[in-house]
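# An overview of the molecular structure
One letter stands for each residue in the lines below.
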Amino acid sequence: MSEVVIGIDLGTTNSCVAVLEQGTPNVIPNKGGYKTTPSVVAISESGRRLVGHIAKRQSVTNAENTAYAVKRLIGRNWSSPAVAAIRETVPYKIIQGPHQDVRVQMRDQSFSLPEVSAFVLQEMKLIAEDYLGHEVSKAVVTVPAYFNDGQRQATKDAGRIAGLDVIRIINEPTAGALAYGFGKDLEGRIAVYDLGGGTFDISILEISNGVFEVVSTAGDTFLGGEDFDRRIMDWLVNGFRKEHKIDLREDMMALQRLKDASEKVKCDLSSVREAEINLPFLISAGKNQALHLQRTISRNKLEELTLDLIERTLQISRKALDDAELEPSDITDVVLVGGMTRMPKVQEAVTEFFGRAPNKGVHPDEVVAVGAAIQGAALVESTSDMLLLDVTPHSLGIMVVGGFFHRLIEKNTTVPTARSHIFTTTRDGQTSVKILVMQGESERAEENEILGEFVLTGLRKAARGEVEVEVTFEISADGIVSVSARDLETGQEQSITVTATSGLTEEEIQQMAQENADYAVAVKGDEDVERVRQQVEKMVDQAMTMMGEVKSALSGTPFGSEGLEAADSALEEARTAMRRKDPDALQKARESMGRTLTMFQTVMDKPGRS
Amino acid sequence: MKGGSDNTARALLEKGLARYGRGQIAEAIAAWREALAIDPQNDEARKLVDFVQARLGPAAATAPADVSMRQTASFPSVTDEPTDTTDEMDAVDDDDFDDNRKDTNPEVDRTTEENLPSVGNVSRERKRRDTLVSNVPSLLAQGTRSRNETPFVPRAAVVDDLDEDSSPRRAIPSSVPTEESGDSLTRPIGSAHKTPAMGVQMRPTATFRSDTPLDMALTIARTRAAKMVDLCRYSLETGNVDGAAEAAEEALEEADKAPLPGIAEVIEPARAMFEQAFAAHVGPEVAVPVMVTDNASLNTSSFDHKTGFLLSCIDGSLAVSTLLDISGMGRFDSLRTLSRLLRRRIISFG
């Protein structure tokens, strides 16, 4: 039997884990029974690490110590404009790491972004292990199609820190299409419309002979379900202000409840036409008095509040089609991904835009994880004939004279691939050329990301344009980029291998992985101690219940006072151990309380007692 | 002209204080109101009116002039001579109790009752507790103390200015041995170098003075809070976690009601013990609380929004430890709120 590989959709707002069991994909629910888990991490006042629903439920009241949507930051450089923009919008503290990377500060600790993502991945791993009943070490993790090498590498590092070997990173729309096409002979052009909690992505895929290729992708990393929630929240806040002259935004607890209620009512309105929001004791109005909020919202009202958001997704969809030089009518299937696509108005808008009803065969919240699980199984099962080809998310090239960017490999090129181009010298007598390897879409080299550089020396002294240098870019199936430059006259060659980095060193990754493993052991240890403490507590309660009868049964007997003294001593010992939560003392207390209860039971079972 | 009205307002303020000092509440309020009429910006006069009204209720303005503050200060204190035992306390009839209390201090008692929570039989419980507090020393002297036989002595406060005829030293039952430090009672003999129970610091020479009505009000608050601190400790030591939590709550409520600058010197040293009391009352942190009140009844209850928030988190799946983490109000307040909800039978642990 081959090893189990889980598929993880590591989302901006929610994550999901699935596994392929006997040919059937299964989405694994968490302890609370939910099939998605919020990608939220927090450190509580007591220093406890909170992940998922628990972290989300305190995300407003403990906003400074709650990291969410770190996917928008992962793999980015501290000086990138995106980081500067995000820093302005999140309540948690984003700080500069030692390698120009980005870190998050919660309480007095700083965490790298792969670490924060690792906490979520670890939670998904534990959910899978609980379900499967054994340890899981391999995973396929999905990322947005536009993620660059650094972002993909950071996601892989997050997996390592979480104790997972990420055997493949695949694009989310590809995973969505894989799940959609599972068991079918899928051919044609598919649009994957992904409206998640915090981001919107639209991808056009070309599927032919089992080969999945992303033709174009577009999106908005700041458009998602949370924006819909915020509209409902604003409506509630404004209504309450009109009625009571109180601004609920000034109270974090009220805001947290409003946020939760807005999300819930939004989900409810996907299946009912009208829903009620009832929040008793929402805001104080004097000592021991609080005002309630009770309102009814209709589906029409929600649509009215969010129409412009839906419009924006269609504009972006238009751009993706333009990039692919396609018309909506060229699309053969539309796949919906993300919880927000459950909203009837969204489905209606998508149907109208593409001129065809979207496919509803797969759950939009789960489809990406299912695709990842299918891919995971295919990678370890030798019988699988499924071929999944990755594409380069960005164009690759070098800087040429004038500060321009010359593309050698266009974005969305299927990998593995190799491309060459011949360049000439630009000055008379030039004996060396500097190859600056870059990634990006801008014509201006300075606006793209530098991946590496090297110098080819020993060129023949000649007039400019006479010496020819061939530059070759190669991308392996694992996404490793190699660039070489060869003097065509002498055959002299220089090369560089570009390895993507998440901003963490190998030592740091190993150390973080170790700390994370230690933390998991410590948490488990605490749970064990608590379990023993509860057992001791039950035993003490039981002994106290029996004490009266035992005392009367033993009164006047020679054994009586001695036995009761021993019982008293055991009870005292147990109470002290429970108070101190000392593991050894609790173990001892459990044993001595066991003896005490046996003694009590013997006394009570003694024949002749009525 | 401003200076002139200041002088007149000042004179009325002083007059009101003098009246208040003699227990002539209505006259005092009238004088302060007159001062306010002359000088509406006079904060001191406004605070005095607000304070006395808040403290004594709306009836304050028409209170009989012959009720003296000296009587107010004679609210049964930790150091009063004990008059009851546990057995006797159980036999105390509510009506008798009310009658006894009316004789001593009608204003303060009435206000105290009005400030009690409205749910359940709290009022009766409060009376019982008050009786118990005043009886604690004698109860212990009669053999109901904890197993290690440490005599119970009030540790949190010593009141020496309430009644010229009853010094605290004399009020301690003769069966409880004490040692002296300066002119005030500190701790029982034999416990001089022991860590105080439940992590509460002993305050060796707290002396509450009552030179002005506000001082006097503070003294009353301190005294009551100190009694509750002692009761909380006693309850914890004897394993009565319900009583400990209730006493802690009473002490904190007393602190909430106390006029500025407050009674932090009584409350703060006991805070760790209060937390322990609430935690003990709530029980194991792995336990999962559930709502036992229907929504209709809940909506007619009175809570602040923090309690409302915590209630909204109680969904039958989250354990106490998680609620403490997500409550957004810190461990102490969360435990206190959970304990309060448990006492009011809004939640239970199955």
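The residue count restarts for each chain, going from 1 along the sequence in the order it is written. Throughout, the order in which chains and ligands are written sets their labels, letters from A for the former and numbers from 1 for the latter. The model is predicted, so local features are restricted to residues of pLDDT at least 70 and side-chain atom pairs to those at 80 or more, both for listing and for counting; the totals for chains, interfaces and linings are taken over all residues.

### Regarding the overall build of chain B
- Under the scheme used here, helices are H or I runs from DSSP no shorter than 4 residues and strands are E runs no shorter than 2 residues, and both carry numbers assigned from the N terminus. Counting its regular elements, chain B contains 17 helices and four strands.
- Once C-beta atoms are placed from the backbone, each residue is buried if 20 or more other C-beta atoms lie within 10 Å of its own, exposed if 12 or fewer, and partly exposed for counts between those two. In chain B, which comprises 350 residues, the proportion classed as buried is 39%.
- Distance between backbone-placed C-beta atoms decides contact: two residues are in contact if it is within 7 Å. The long-range share in chain B, meaning contacts at least 24 apart out of those at least 6 apart in sequence, stands at 73%.

### Quick look at the overall build of chain A
- Looking only at helices and strands, one finds 13 helices and 26 strands in chain A.
- The 610 residues of chain A split such that 45% are buried.
- Sequence-distant contacts, at least 24 apart, represent 67% of the contacts inside chain A between residues at least 6 apart.

### A closer look at the interface of chain A and chain B
- If you look at the interface, chain A gives 29 residues, while chain B gives 22 residues.
- For the side of chain A that touches chain B, the secondary-structure elements that each account for two or more residues are helix 1 (53-57), helix 7 (252-268), strand 16 (274-284), strand 17 (290-298) and helix 11 (506-554) of chain A.
- Three categories are distinguished: nonpolar for Ala, Val, Leu, Ile, Met, Phe, Trp, Tyr, Cys and Pro, charged for Asp, Glu, Lys and Arg, and polar for the others, with Gly belonging to the last. Across the side of chain A that touches chain B, the residue classes break down as 10 nonpolar, 12 polar and seven charged.

### With respect to the pairing of strand 3 (residues 24-27) of chain A
Residues and elements named next belong to chain A.
- A pair of strands counts as paired when DSSP detects no fewer than two bridges linking them. Sheet analysis places strand 2 (residues 14-21) next to strand 3, joined by four bridges and oriented antiparallel. Counterpart to Leu20 in the pairing with strand 3 is Pro25.
- The hairpin turn running from strand 2 into strand 3, its antiparallel successor, is two residues long, and Gln22 in that turn takes a positive phi close to 50°.

### A short note on the sheet that holds strand 26 (residues 493-498) of chain A
Residue and element names in this part refer to chain A.
- Spatially, four strands are ordered 21-24-25-26 in an open sheet, and the strand pairing comes out antiparallel. Both outer strands of the open sheet, strand 21 (417-424) and strand 26, are each paired with one neighbouring strand and no more. Strand-to-strand, the axes of this sheet are offset by a mean angle of 15°, without reference to chain direction.
- Here strand 24 (residues 468-475) pairs with strand 25 (residues 481-487) via seven bridges, running antiparallel. Note that in strand 25 the partner of Val471 across the bridge is Ala485. To obtain an axis, a line is fitted to C-alpha atoms, over the contacting stretch when the element is a helix, and the angle between two such axes runs from 0 to 180 degrees between their N-to-C directions.

### A word on the environment of Arg318(A)
- Tracing the sequence through the fold places Arg318(A) in helix 8 (residues 299-323).
- When the C-alpha positions of Arg318(A) and Ile202(A) are compared, they lie 9.4 Å apart, and in sequence the two are 116 residues distant.

### Description of the sheet that holds strand 14 (residues 200-208) of chain A
Residues and elements named next belong to chain A.
- Within the open sheet, the four strands sit side by side as 15-14-13-18. Their pairing is mixed. At either end of the open sheet lies a strand with only one pairing partner, and these are strand 15 (211-220) and strand 18 (333-337). In this sheet, neighbouring strand axes are inclined to one another by 20° on average, regardless of whether the strands run parallel or antiparallel.
- Strand direction decides the pairing type here: strand 13 (residues 188-195) and strand 18, joined by five bridges, are parallel. What sits directly across from Ile190, in strand 18, is Asp333.

### Looking at the pairing of strand 13 of chain A
Residue and element names in this part refer to chain A.
- Burial runs high along strand 13: six of the eight residues are buried.
- Strand direction decides the pairing type here: strand 13 and strand 14, joined by eight bridges, are antiparallel. Of the residues in strand 14, the one forming a bridge with Tyr193 is Ile202.
- Between strand 13 and strand 14, which pair antiparallel and follow one another directly, the connecting turn spans four residues.

### Quick notes on unusual backbone geometry
- The omega angle of the peptide bond from Leu260(B) to Pro261(B) is 10°, so this bond is cis rather than trans.
- Assignment of secondary structure puts Pro261(B) in the loop between helix 11 (241-257) and helix 12 (264-267).
- The phi angle at Gln100(A) is positive, at roughly 65°, despite the residue not being glycine.
- Along the chain, Gln100(A) falls in the loop between strand 8 (93-96) and strand 9 (102-106).
- Residue Gln100(A) is classed as exposed on the basis of its 11 C-beta neighbours within 10 Å.
- One non-glycine residue, Lys245(A), lies in the positive phi region at around 60°.
- Looking at the element boundaries, Lys245(A) is found in the loop between helix 6 (225-244) and helix 7.
- Accessibility expressed as a C-beta count within 10 Å gives 7 for Lys245(A), which makes it exposed.

### Focus on the packing of helix 10 (residues 213-237) of chain B against helix 11 of chain B
Residue and element names in this part refer to chain B.
- Their axes nearest at 8 Å, the elements helix 10 and helix 11 cross at an angle of 165°. Between helix 10 and helix 11, the angle is such that the two are roughly antiparallel. By crossing handedness, the relation of helix 10 to helix 11 is classed as left-handed. Where helix 10 abuts helix 11, its residues Ala221, Arg224, Ala225, Met228, Val229, Leu231, Cys232, Ser235 and Leu236 lie against Gly243, Ala244, Ala247, Ala248, Glu250, Ala251, Glu254, Ala255 and Lys257.
- Grouping the amino acids of the contact of helix 10 with helix 11 by side-chain chemistry returns 12 nonpolar, two polar and four charged. An angle counts as roughly parallel when it lies under 35 degrees, as roughly antiparallel when it exceeds 145, as roughly perpendicular when it falls between 65 and 115, and as oblique in every other case. Handedness of a crossing is defined here by the sense of rotation of the near helix relative to the far one, left-handed for an anticlockwise turn of less than a right angle and right-handed for a clockwise turn.

### Considering the environment of Arg72(A)
Residue and element names in this part refer to chain A.
- Inspection of the secondary structure puts Arg72 in the loop between strand 7 (66-68) and helix 2 (81-89).
- What makes Arg72 partly exposed here is the crowd of 19 C-beta atoms within 10 Å.
- Along the sequence, Arg72 and Ala82 sit 10 residues apart, while their C-alpha atoms lie 8.3 Å from each other.
- Those residues within four positions of Arg72 in sequence are excluded, and the remaining contacts are Thr12, Ile86 and Thr221.

### A look at the confidence of the model for chain A
- pLDDT expresses, on a scale from 0 to 100, how confident the predictor is about each individual residue. Of the residues in chain A, 96% have a pLDDT of 70 or more, and the chain-wide mean is 89.
- Mean pLDDT values over the elements of chain A span from 82, in strand 15 of chain A, up to 97, in strand 1 (residues 5-10) of chain A.

### Notes on the packing of helix 4 (residues 149-161) of chain A against helix 11 of chain A
Residues and elements named next belong to chain A.
- Relative to each other, helix 4 and helix 11 sit at 40°, their axes nearing to 8 Å. In terms of orientation, helix 4 lies oblique with respect to helix 11. Packed against helix 4, whose contacting residues are Asp157, Arg160 and Ile161, the element helix 11 presents Ile509, Met512, Ala513 and Asn516 at the interface.
- Counted by class, the contact of helix 4 with helix 11 contains four nonpolar, one polar and two charged residues.

### Quick look at helix 2 (residues 25-38) of chain B
Residue and element names in this part refer to chain B.
- End to end, helix 2 covers 20 Å across 14 residues, agreeing with the expected 20 Å (1.5 Å per residue, within 8%).
- What helix 2 keeps buried is the set Ile25, Ala28, Ile29, Ala31, Trp32, Ala35 and Leu36. Angularly, the buried residues of helix 2 cover 160° about the axis, an arc narrow enough to put them on a single face. Given a helix with a known number of residues, its expected span is that number minus one, times 1.5 Å. Working definition: the arc comes from the directions between the helix axis and the C-beta atoms, pointing outward to the latter.

### What about the confidence of the model for chain B?
All names here are of chain B.
- In this model, chain B carries a mean pLDDT of 63, and residues with pLDDT of at least 70 account for 51%.
- The secondary-structure element of chain B with the lowest mean pLDDT is strand 2 (residues 184-188), recorded at 29, while helix 13 (residues 271-282) shows the highest, at 94.
- For this predicted complex, the interface score ipTM comes out at 0.70, alongside a pTM of 0.67.

### Some words on the environment of Pro364(A)
- Among the structural elements, Pro364(A) can be located in the loop between helix 9 (344-354) and helix 10 (367-380).
- When sequence neighbours within four positions are dropped, the list of residues in contact with Pro364(A) reads Leu336(A), Val337(A), Gly338(A), Gly339(A), Thr341(A) and Arg342(A).

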